[in-house]
Amino acid sequence: MIIIVTGVSGSGKTTLGSLLAKKLRLPFFDADDFHPPANIQKMSMGIPLTDQDRLPWLEHLADSMLQWENSGGGILACSALRENYRETLQVVPKIIWLHLKGSKELLHERMNNREGHYMKPGLLDSQLETWEEPEYGMHLDVSKTPETLLEEVMQLDEINACESHFGVIGMGVMGKSLALNLAENGIPTAVYNRHVPGKEEKIASTFATTNQEFPLLKGFDNLEAFIGSLAKPRKILLMIPAGAVIDQQIQQLEPMLEKGDIIIDGGNSFFEDSTRRFRALSEKELHYIPMGVSGGEEGARKGPSMMPGGNKEAYDIIAPYLKKIAAKDASGKACVSFIGPDGSGHFIKMVHNSIEYAEMQVLAETVHLMKYGLKLSYPEISKIMKSWGTEGLKSYLLDITVEILTVKEGKNFLLDLILDKAEQKGTGGWSLTTALKYHVPYSPLSEAVTARLLSSQKEDREELAGLYSHRFGAFAEDKVILLEKLKNAYTLTRIINHEVGFNLMHQVSEQENWNLDFSEISRIWTNGCIIRSSLMENMTGLFKENSSLLKTKAIKTKVKELRFDLAYIIGLGLQHAYALPVMSAAANYLFGRITSDSSANLIQAQRDFFGAHTFQRKEDPTGGYYHSDWKN
Ligand code: 6PG
């Protein structure tokens, strides 16, 4: 939606334009800011501009308007005095023109009251002479208050019936939050939710009416009407559960869509399903963008990290919108980037979640050791962990843990009232099966999945705990020294978690020819997403040096410094009966990976012994296979 407020100097274009921009959540632009310096100099000297002066200015405005239109629209305050000036600006099909008119005396008075503006009151006469009154658009009387004028404008059918630039299907927590984020960023947005009698009725329309502060947000309970309200090419974001529901929704949408329309799957779909859907829809000349979205409810509302894949041309169409609603990194750049072909966007989101699982688990293990081994209270643990955040370990998951540890319900800490059964929706497990499929070691991250599975077998655990009288022991060692070692163990485990996840991405990218850019992936994960952290910020630079964190100088130094503290903590923890699945797996992975002398020679010997599976010999550089007659 492009709205141009016209009128001579002093007519109140900026005031009305700014009010409208605020109301519609659209960006506001003042054409005066687009004048080349030579024009400004002339005007401040009281010299009227000629048509020749105005042409480059109007052309610059016209180019800018095309960009605004491609990301939801904008409001422009521009004198546009002559018809041919307005024609130059007519570069987008639907412009809403608002013309401000008033008496010379009133305009004069207003100009005289303006401070610091380069336009001298003496230029008003020349402006009024130049003004060619248009026969189209809405004419507004400047003697009314800006608020009254705003009300009049908001009654315009063209505003209320404007096409939506984005459609969101699915009004769950994430769908609602993303729709509000789009609307807040001035993107005319339509929302739809299916109608299920007695269960899901009028969800989308009610949502729109309860959010009237966003006039460009429209709710539909009818799919055809929703599709009909979208500007072409239609951009439809699916925020519905992963699985068969996505296929059903696509099937329902297909007959209503046209060549070039874009469907974006913003859920946590399995990437192989996304590749299948992408290819099937491409054959029908429909665009499909599988897009990972991270950040939970708050991220979706205020700025998520987004991982779109599929087709770059389609991405380029939606990129200006995504950049508006995305979280911004430390340099202000949007946390969204085109990831690669097929379902690669969903693939990296799946790996993100798998790192998320391991990051959560190592925090859980650390808190457990502090609570039972070091006998610290939750507020004490919270305080210590908070200080870790200031010592290079800052992360979103650490921050929320620090908060969780202090929340009370009555006399109890809420954490103690929560059943120790961790649930999961699938992404962690899919990463594990994917790692196995591509022959990539994944133990620390897969242990986080296993830990959740074990936790969910609560009854079995209770029965066995009774049978074995299993208790965690307290540590006798010096607390200060142990806390330092624990911090180091936590630090190194996190490095390994990230190495393992990114190594899976690297291997799959190589095998699938996806050409993933790990520095860019870590950059878009520095804000908005659940695993954002100072480590992730460092990784953006480290991946420019090497695609393996373990092969970078800085990480090599860290690993050398911390590895025995990790081993120490695991040893101590296991001796005192703590389960430390992710920490132990991280150490096993690390030591297994950084050795040139593994125990696998015996495995080969055993395989050859019982099954004549053959083995290779150290002294044979050709890699030939041998068999030994072991019994003779
Ligand atoms: C995110 C989260 C988000 C969600 C997970 C939870 O990045 O915003 O990862 O996608 O919290 O799906 O997954 P589980 O239910 O499997 O823990």
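Quick caveat, the model's predicted, so the values are computed rather than measured.

Student: Outline the nonpolar core, supporting the account with residue identities and numerical values.
Tutor: Counting residues in each nonpolar core, the largest one holds 83 residues, and the members touching the most others are Phe 347, Met 370, Met 385, Phe 502, Met 505, Trp 525 and Met 583. Top contributing element to this core by residue count: helix α23 (residues 479-512), with 13 residues. When residues of this core are assigned to domains, at least three fall in each of domain 2 (163-342) and domain 3 (350-593). Residues in contact with Met 385, not counting those within four places in the same chain, are Leu 363, Thr 366, Val 367, Met 370, Leu 398, Thr 401, Val 402 and Leu 405. Counting residues in each nonpolar core, the second largest holds 47 residues, with Met 1, Phe 34, Leu 58 and Trp 68 among its members.

Student: Could you give an account of the site of the ligand, with specific residues and numbers?
Tutor: Contacts to the ligand come from 13 residues, most closely from Ser 294, Lys 349, Glu 356, Tyr 357 and Lys 425. Between an oxygen atom of the ligand and a side-chain N or O atom of Ser 294, the distance comes to 2.5 Å. Note that an oxygen atom of the ligand is positioned 3.1 Å from one of the backbone N or O atoms of Gly 296. Burial of the ligand by the protein amounts to 81% of the accessible area it has alone, namely 410 Å². A per-element tally of the shell around the ligand places helix α16 (residues 344-373) first, with five residues. Taken together, the residues of the shell around the ligand sort by class into two nonpolar, seven polar and four charged. There are two domains that each give the shell around the ligand at least three residues, and those are domain 2 (163-342) and domain 3 (350-593).

Student: Pulling in residues and values, what's your account of the domain arrangement of the protein chain?
Tutor: Each domain of the protein chain was delimited in the assignment, giving domain 1 (2-159), domain 2 (163-342), domain 3 (350-593) and domain 4 (599-632). Using only C-alpha atoms to locate each centre, domain 2 and domain 3 end up separated by 32 Å. With 25 residues of domain 2 in contact, the opposing surface of domain 3 contributes 19 residues. Taking both sides of the interface into account, the surface hidden between domain 2 and domain 3 amounts to around 1700 Å²; carbon and sulfur atoms contribute 60%. The three residues of domain 2 that bury the most area against domain 3 are Phe 270, Phe 271 and Ile 339, which together make up 26% of that side's buried surface. The interface formed by domain 2 and domain 3 holds two salt bridges in total. Residues Lys 437 and Glu 272 are paired through a salt bridge, measuring 2.6 Å at the closest nitrogen-oxygen approach. Taken together, the links from domain 2 to domain 3 amount to eight residue pairs in polar contact (both at pLDDT 80 or more). Sorting the residues of the side of domain 2 that touches domain 3 by element identifies α13 (271-283), α14 (296-302) and β12 (305-308) as the ones contributing at least two each. For the side of domain 2 that touches domain 3, the element with the highest residue contribution is β12, accounting for three residues.

Student: Please provide a residue-by-residue account of the pattern of salt bridges, values included.
Tutor: Taken as a whole and assessed by the stated rule, the structure comprises 35 salt bridges. Across the salt bridge formed by Asp 342 and Arg 279, the nearest N and O atoms sit 2.5 Å from each other. One end of the pair, Asp 342, is in the loop between α15 (312-325) and α16; the other, Arg 279, is in helix α13, and 63 residues separate them in sequence. We classify Asp 342 as buried; its relative accessible area is 10%. Classification of Arg 279 by relative accessible area gives partly exposed; the value is 47%. Across the pair Lys 312 and Asp 316 runs a salt bridge, and its minimum N-O distance is 2.8 Å. Here Lys 312 pairs with Asp 316, and both are found in helix α15, just four residues apart, close to one helical turn. On the basis of relative accessible area, Asp 316 is assigned to the partly exposed category, the value being 40%. Several salt bridges share partner residues, and in doing so they unite Lys 232, Arg 234, Glu 258 and Asp 261 into one network.

Student: Quick rundown of the packing of aromatic side chains? Include the residues and the values.
Tutor: A full pass over the atoms with the stated rule returns 24 aromatic pairs. Aromatic pair Phe 271 and Phe 347: ring centres 5.0 Å apart, planes at 70°, arrangement edge-to-face. Of the two residues, Phe 271 is situated in helix α13 and Phe 347 in helix α16; the sequence distance between them amounts to 76 residues. We classify Phe 271 as buried; its relative accessible area is 2%. A relative accessible area of 0% means that Phe 347 is categorised as buried. Ring geometry for Phe 502 against Phe 518: centres 6.3 Å apart, planes inclined by 75°, an arrangement best described as edge-to-face. Highlighted residues: Phe 502 in helix α23 and Phe 518 in helix α24 (residues 518-524), separated in sequence by 16 residues. Each of the two residues, Phe 502 as well as Phe 518, counts as buried. Here a set of aromatic residues connected by ring pairs shows up, and it is made of Phe 270, Phe 271, Phe 347, Trp 430 and Trp 514. The ring of Phe 413 carries the charged tip of Lys 408 above its face, separated from the ring centre by 4.9 Å.

Parameters and conventions
Residues numbered from 1 in each chain as written. Predicted model: local features only at pLDDT ≥ 70, side-chain atom pairs only at ≥ 80, totals over all residues. Heavy atoms only, no water. Core = buried A, V, L, I, M, F, W, Y, C linked by side-chain atoms within 4.5 Å. Buried < 20%, exposed > 50% of the residue type's maximum accessible area, 1.4 Å probe, protein only. Helix = DSSP H or I, 4+ residues; strand = E, 2+ residues; numbered from the N terminus. Domains from an automatic or database assignment. Contact = heavy atoms within 4.5 Å. Near = heavy atom within 4 Å. Polar contact = N/O pair within 3.5 Å; in protein donor to acceptor, adjacent residues only side chain to side chain. Areas by Shrake-Rupley, 256 points an atom, 1.4 Å probe, with all protein chains shown as cover. Nonpolar A, V, L, I, M, F, W, Y, C, P; charged D, E, K, R; others polar. Buried area = accessible area lost by both parts, 1.4 Å probe. Salt bridge = Lys/Arg side-chain N within 4 Å of Asp/Glu carboxyl O. Phe/Tyr/Trp six-rings, centres within 6.5 Å; stacked < 30°, edge-to-face > 60°. Lys NZ or Arg CZ within 6 Å of the ring centre and 35° of its normal.

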